[in-house]
Amino acid sequence: MNHLDPSHPAEARARHLLERMTTTEKMHQLTGVLANTLTGFSGGLDRGSLDRLLGEGIGQIGALFVGTGSLGTVVELSNGIQRYLMERTRLGIPALVHNETLNGVLGEGFTSFPTAIGLAATWRPELVGEMAELVREQMVTAGARQALAPVLDVARDARWGRVHETFGEEVLLVSAMGVAYARGLQSGDPRRSVLATAKHFLGYSSTEGGQNMAATHAGPRELRDVYAVPFEAAIREAGLASVMNSYSEIDGVPVGLSPEVLDTLLRDELGFTGTVVSDYRTLYYSVVRQGAAPDAVTAGALGLRAGLDVELPVAYGYTDELAAAIDRGDVDVALLDRSVLRVLTQKFALGLFEDPYAETDPIVLTEVSQRGRELSRTLAAESVTLLENRAGVLPLAPTHRSIAVLGPHADSVLAGFANYTYPPVLEMLRGIATGEARMAGWEGALDGLPESVRAEVEARMEAMRQLDPEGAAREQYGAVSLVDGIRALAPDAVVTTAPGTGVMDSEPQDIDAAVALAAEAEVVVLAIGGRSAAFSGRATEGEGSDSATMELPAAQLHLLERVAATGTPVIAVLYAGKPYDLRAIAAQSAAVVAVYYPGPEGGAAIADALFGVTTPSGKLPFTVPRHIGQVPIYQGQKRGSGHRRTEHDQFQSYVDLPNTPLYAFGHGLSYTSFEYGTIEVMTPTVEPSGMLQLALTVRNTGAVTGAETVQVYLRLPGVGVTRPEQQLAAFAKVPLQPGEERTVSFDIPVTQLGFTSAEGRYVIDPGAVEIRVGSASDDIRRTATAAIVGERSAVDRSFLPETRIS
């Protein structure tokens, strides 16, 4: 057969090509290059670099969309690289171009969306699926076919800086969002689809001290029943094509070197058949950071043995030296071949051998890249979460004569963008150039360069120092700040603004000026909170920005205290992607609104919510503790543990604080009210293979349109094991006009409700099931009972319920 004949199956074509490859050519398919290493200082492709780095072929191209120029330049570079590989290398194997897509395509000119924790707050997986479909169209048009998203870590530790990249703390919510995201990327014709890459497998969000990349301590049952479930759901429900490993270690073995995790668990147990790609520099870190291998070749051999198919971003362990060791017989060539076969099979299935090129028509590129602004606005609006609303201070009346919009985020568009969006990347580049960034490896980067090259690099660094991320965010996205949004809705009011302080204590402050404006206003909108950034040194959260405390910077709390002391009602608008200590904010504010990092449409969407143009309908995707000492605290804690203590516990709480959350998972208020009808249980007794079916009505009893997220929690049986006091089993967001009543029906597979037994089997135990339905995990409106009958049954796990709204 001819491997170039597309009529043959992808795997058969890959096997035929594999037989023709040298060991070195195979090895190069398992690693990548960064796009900027292929360009000269003029910005175009450098033939010498192409020959040196791509002469034997290459598996992946990274960082093509950031720092290389406009979208037109990106496409030109991408097509030039693919043309070189197809026409100038012996076998003509195209590369996979990968890119970050956590909040949309990370690159200049592309639509941006709320960060993942904000998406989770919408409780609308179908909208996340729409977003992913759009991302797929944009990626394919631009020539990129592997998305480094979604993040499927179950985040239960408020200290960890990357909570905002996740879909929250509850297994079902993370699974539903992850499945929708993966389906959206991978749906349709494989030749027009994008590989979804779920990360970070496994337990990455549950580390020592809440620190990024630290060791994970979780037993085999917790790993399988909590952290692995969203990945398995994406594998079995959406055909997940790729997985990225965690930097952490489990049971003393770095995940990237662990066949127990990447092969036995991921492939044999969870049914994964795609490619495992390394998080950037995994093998390097296994040597220099974790000391788990003495050198790069050993690390590479261990990675191959573990099932780490592709090393990103560049070769450290998967090098010509490892290829030589394979040729000597020191490492089994079968390990190399199995990974290369997986990589080539995906390239054939994607149609890259027939057409690896990006669209070149600038009109088409611009039109496709800018799609989705209305969807971004909808997602931002539906994520807005009303935590407090005392005396009905919200919504604001259009008749207010004076409004002071204060705080570091009041007139900042950049405030709405989280890490892995384009403006914070510009901020990171600026920070690197000014020395503010905390990024290892840049010290002495110019040492030893020829003077002519050094001068060109210095010129680039100076250009980076002059970057204006705030201006770029306004210009590129047409975004408006919160104060701009408020002025648009209150044209007759006097709307004043002052930051009072920066986000960080080290930034400029003029609290007196803000207080003076507050004293003259009828109401204050105080825009405060965190900042998400990449290694910038100026962040409260983000990758590499973990925290040992939960408080906002002291300057912001001092600003709140001074403003509240004026007696003017304060509406606190909180930009935050993870839980913070909100006790002081809640105590001194008439209303508290959580907006996460809402993206470019955030300013207008938040203003709409404040003035009642829209009704807040977001629900917390995480638990907000009272104090850092409670961490980790989460909805699904076990009976008799954490805040799930019972009357039978000898010690039920702390001596200094209640053990309950400040705001529970699923909490979120509305401008209207909802009445729940009685739960109808259609299957009061159900077999392990059956379906728990229930329904109830929900009625809008208020005067304005709203949407209620109906949450179903179950207390489930288990013999010989402890189980959560209650676990989220189903949910549905129900839009309702004033006075409207609708019926919500849930079909919950009993096989969704099991657990991993002490013997390692996934089982269902018989016994009583308590059904709890409500507006939040601590606001249960209706209860009912059912029973699982029969005997303990080993079953295949299922993941998602079916819901119907009529």
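Colleague: Give me the sheet that holds strand β10 (residues 385-389): which residues, what numbers.
Modeller: Where strands meet in a sheet, backbone hydrogen bonds hold them as pairs that are either parallel or antiparallel. Strand order in the open sheet made by the 6 strands is β10-β15-β14-β13-β11-β12, with mixed pairing throughout. Lying at the two open borders of the sheet, with one neighbouring strand each, are β10 and β12 (494-498). Within the sheet, the average angular offset between the axes of one strand and its neighbour, ignoring direction, is 15°. As paired elements, strand β11 (residues 402-406) and strand β13 (residues 523-529) share 4 bridges and run parallel to each other. Counterpart to Leu 406 in the pairing with β13 is Leu 526. Seen against the sheet, helix α20 (residues 482-489) touches β11, β12, β13 and β14 (570-575) and runs at an angle of roughly 175° to β12. This element, helix α22 (residues 554-564), spans β11, β13 and β14 of the sheet and lies at about 170° to β13.

Colleague: Just give me the short version of the sheet that holds strand β23 (residues 755-756), but keep the residues and values in it.
Modeller: Judged by pairing direction, the sheet is antiparallel, and its 3 strands sit side by side in the order β23-β24-β27 without closing on themselves. The open sheet has two free edges, formed respectively by β23 and β27 (793-794), since each of these has just one partner strand. Pairing analysis gives 2 bridges linking strand β24 (residues 762-764) to β27, with the strands arranged antiparallel. Bridging from a neighbouring strand, Val 763 pairs with Ala 794 of β27.

Colleague: Pulling in residues and values, what's your account of helix α9 (residues 229-238)?
Modeller: Burial analysis of α9 places 8 of its 10 residues in the buried class, which makes it a mostly covered element. Among the residues of α9, Val 229, Pro 230, Phe 231, Glu 232, Ala 233, Ala 234, Ile 235 and Ala 238 are the ones counted as buried. Buried residues along α9 sit against α7 (171-186), β5 (195-201), α8 (220-227) and α10 (259-269). Count one or two residues on from α9 and you reach Gly 239, which has phi positive near 65°.

Colleague: I'd like a description of the side chain of Asp 309, backed by residues and values.
Modeller: Examined against the element boundaries, Asp 309 turns out to sit in the loop between α12 (296-306) and α13 (320-327). With relative accessibility at 0%, the residue Asp 309 sits in the buried group. Reaching out from Asp 309, the side chain makes a polar contact with the side chain of Arg 342 at a distance of 2.8 Å. For Asp 309, the residues in contact, after removing those within four places along its chain, are Leu 30, Arg 267, Gly 274, Thr 275, Val 276, Tyr 318, Ser 339 and Arg 342.

Colleague: Please give an account of the packing of aromatic side chains that cites residues and values.
Modeller: For the coordinates displayed, the defined rule picks out 12 aromatic pairs. Centroid distance Trp 123 to Phe 665: 5.4 Å. Interplanar angle 50°. Geometry classified as tilted. Here the residue Trp 123 occupies a position in the loop between α5 (116-122) and α6 (125-142), and Phe 665 occupies one in the loop between α24 (602-610) and β16 (674-676), the gap between them amounting to 542 residues. Accessibility assignment for this pair places Trp 123 and Phe 665 in one class, buried. Arranged with centres 5.3 Å apart and planes meeting at 90°, the rings of Tyr 284 and Tyr 316 form a pair that is edge-to-face. Of the two residues, Tyr 284 sits in helix α11 (residues 282-288) while Tyr 316 sits in the loop between α12 and α13, which places them 32 residues apart along the sequence. Judged by relative accessible area, which is 29%, Tyr 284 ranks as partly exposed. Overall, the relative accessible area of 24% leaves Tyr 316 in the partly exposed class. Cluster of aromatic residues (ring-pair linked, three or more members): Trp 160, Tyr 204, Tyr 247, Tyr 284, Tyr 285 and Tyr 316.

Colleague: Could you give an account of the packing of α12 against helix α14 (residues 333-349), naming the residues involved and the relevant values?
Modeller: Interhelical geometry of α12 versus α14 gives an angle of 60° and a closest axis separation of 9 Å. Read as a crossing pair, α12 and α14 show a hand that is left-handed. Counting all contacts with α12, which are made through Leu 304, Arg 305 and Ala 306, the residues of α14 involved are Leu 335, Leu 336, Arg 338 and Ser 339. Residue composition of the contact of α12 with α14, by class: 4 nonpolar, 1 polar and 2 charged.

Colleague: Please provide a residue-by-residue account of the nonpolar core, values included.
Modeller: Counting 137 residues, the largest nonpolar core has Leu 54, Ile 61, Phe 65, Phe 167, Phe 201 and Leu 202 as its most contacted members. Looking at which element gives the most residues to this core, the answer is α7, with 10 residues. By size, the runner-up hydrophobic cluster in this structure holds 40 residues, among which are Ala 121, Trp 160, Tyr 285 and Ala 576.

Colleague: Just give me the short version of the pairing of strand β21 (residues 727-736), but keep the residues and values in it.
Modeller: Most of β21 sits inside the fold, with 9 of its 10 residues counted as buried. Two elements, strand β20 (residues 706-715) and β21, share 9 bridges in a ladder whose sense is antiparallel. Across the sheet, the residue bridging to Leu 714 is Gln 727, located in β21.

Colleague: Which residues make up the pattern of salt bridges, and what values go with them?
Modeller: If charged atoms from side chains of opposite charge come close, those side chains can pair. All chains considered together, the criterion is met by 46 salt bridges. With a closest N to O distance of 2.9 Å, Arg 797 and Asp 225 form a salt bridge. Pair noted here: Arg 797 is in the loop between β27 and β28 (802-805) and Asp 225 is in helix α8, with a separation of 572 residues, a long-range link. You can call Arg 797 buried: its relative accessible area is 16%. Owing to a relative accessible area of 18%, Asp 225 belongs among the buried residues under this scheme. Within the structure, one salt-bridge network assembled from shared partners comprises Arg 124, Glu 126, Glu 382 and Lys 733.

Colleague: I'd like to hear about the environment of Val 364, residue by residue, with values.
Modeller: The topology assignment puts Val 364 in helix α15 (residues 362-369). Here Val 364 falls in the partly exposed class, since its relative accessible area comes to 31%.

Colleague: Run through the packing of α20 against α24, naming residues and quoting values.
Modeller: Relative to each other, α20 and α24 sit at 50°, their axes nearing to 8 Å. Taken as axis vectors, α20 and α24 run oblique relative to one another. In the crossing of α20 with α24, the sense of the turn from one axis to the other is right-handed. Packed against α20, whose contacting residues are Leu 482, Gly 485, Ile 486 and Leu 489, the element α24 presents Gly 603, Ile 606, Ala 607, Asp 608 and Leu 610 at the interface. Broken down by class, the residue content of the contact of α20 with α24 amounts to 6 nonpolar, 2 polar and 1 charged.

Colleague: Explain the pairing of β10 residue by residue, including any values.
Modeller: Two faces, one strand: in a regular strand the side chains alternate between the faces of the sheet. In terms of burial, β10 is largely enclosed, as 4 of its 5 residues are buried. Pairing of β10 with strand β15 (residues 591-594) involves 4 bridges; the strand directions are antiparallel. Note on β15: the bridge partner recorded for Thr 385 is Ala 594.

Colleague: A description of the side chain of Arg 13 should follow, citing residues and the corresponding values.
Modeller: Tracing the chain through its elements places Arg 13 in helix α1 (residues 10-20). Setting aside residues no more than four positions away along its own chain, Arg 13 makes contact with Met 1, His 3, Leu 4, Asp 5, Pro 6, His 8, Phe 348, Phe 353 and Glu 354.

Colleague: I'd like a rundown of the environment of Val 343, residues and numbers included.
Modeller: Its location among the elements puts Val 343 in helix α14. For Val 343, a relative accessible area of 5% translates into the label buried. In sequence terms Val 343 and Pro 395 are 52 residues apart; their C-alpha atoms lie 54 Å from each other. If we skip the residues at most four places from it in the chain, Val 343 touches Gln 29, Leu 30, Thr 275 and Val 310.

Colleague: So what's going on with the confidence of the model for the chain? Which residues, and what values?
Modeller: Per-residue confidence for the chain gives a mean pLDDT of 94, with 95% of residues at or over 70. The model gives residues 440-446 a pLDDT under 50, and that stretch makes 4 contacts with residues more than four places away or in other chains.

Parameters at a glance
- Residues numbered from 1 in each chain as written.
- Predicted model: local features only at pLDDT ≥ 70, side-chain atom pairs only at ≥ 80, totals over all residues.
- Heavy atoms only, no water.
- Pairing = 2+ DSSP bridges.
- Helix = DSSP H or I, 4+ residues; strand = E, 2+ residues; numbered from the N terminus.
- Axes fitted to C-alpha atoms, helices over the stretch in contact; angles between N-to-C directions.
- Contact = heavy atoms within 4.5 Å.
- Buried < 20%, exposed > 50% of the residue type's maximum accessible area, 1.4 Å probe, protein only.
- Polar contact = N/O pair within 3.5 Å; in protein donor to acceptor, adjacent residues only side chain to side chain.
- Phe/Tyr/Trp six-rings, centres within 6.5 Å; stacked < 30°, edge-to-face > 60°.
- Left-handed = near helix turned anticlockwise from the far one by under 90°.
- Nonpolar A, V, L, I, M, F, W, Y, C, P; charged D, E, K, R; others polar.
- Core = buried A, V, L, I, M, F, W, Y, C linked by side-chain atoms within 4.5 Å.
- Salt bridge = Lys/Arg side-chain N within 4 Å of Asp/Glu carboxyl O.
- Parallel < 35°, antiparallel > 145°, perpendicular 65-115°, else oblique.
- pLDDT = per-residue confidence, 0-100.

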